[in-house]
Amino acid sequence: MEQSLEVPKPTPTAKAIAAQFRERITGPDREYAAGDRLPAARALAKELGVQLMTVQSAYGQLRDEGLILTQQGRGTFVRDPSAPLGTEPGSSPAFAALATELSTIHDALRMLGERLDRLERLVGSETPPSP
């Protein structure tokens, strides 16, 4: 009985797939630019010999990082980094919530700054007590 000298490749994990595509999107030798379509999850799963859920999990990690977005019926695309997070169709719900929360915090800080300016003007207009 002959044994094969070829060592089988380990099946990639979702984390490894995400890392590979992260490098292809953000690395110095980028293969994907903003707006480029990534391989369909089903086709990629078949190519890599993994379950569809593994690829979907990898894409989910990249979506949660704000690198890609998925549009129902159209595919998965590299997100334009100049667009505000959570504003594109297919953005992660986590980023949509974060964008809303950051907007609320920004408004609150602006109002506090206006109050501080008024307080400084009020305090600055008073003459100091005589010794």
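Report follows, based on the coordinates. These figures come from a predicted structure and were not determined experimentally.

## Let's talk about the packing of aromatic side chains
Aromatic ring pairs are defined here through the distance separating the ring centres and the angle between the ring planes. Here the structure, examined in full by the defined rule, presents two aromatic pairs. Pairwise contacts between aromatic rings join Phe21, Tyr32 and Tyr59 into one cluster. Sitting over the face of the ring of phenylalanine 21, arginine 24 holds its NZ or CZ atom 5.0 Å from the ring centroid.

## So, the packing of helix 2 (residues 41-48) against helix 3 (residues 52-64)
Running from N to C, helix 2 and helix 3 cross one another at 120 degrees; their axes reach a closest spacing of 8 Å. Comparing their axes, helix 3 and helix 2 come out oblique. Considering only the axes of helix 2 and helix 3, their crossing is right-handed. Across the interface between the two elements, Ala41, Arg42, Leu44 and Ala45 from helix 2 touch Leu52, Val55, Gln56 and Tyr59 from helix 3.

Parameters and conventions
- Residues numbered from 1 in each chain as written.
- Predicted model: local features only at pLDDT ≥ 70, side-chain atom pairs only at ≥ 80, totals over all residues.
- Heavy atoms only, no water.
- Phe/Tyr/Trp six-rings, centres within 6.5 Å; stacked < 30°, edge-to-face > 60°.
- Lys NZ or Arg CZ within 6 Å of the ring centre and 35° of its normal.
- Axes fitted to C-alpha atoms, helices over the stretch in contact; angles between N-to-C directions.
- Helix = DSSP H or I, 4+ residues; strand = E, 2+ residues; numbered from the N terminus.
- Parallel < 35°, antiparallel > 145°, perpendicular 65-115°, else oblique.
- Left-handed = near helix turned anticlockwise from the far one by under 90°.
- Contact = heavy atoms within 4.5 Å.

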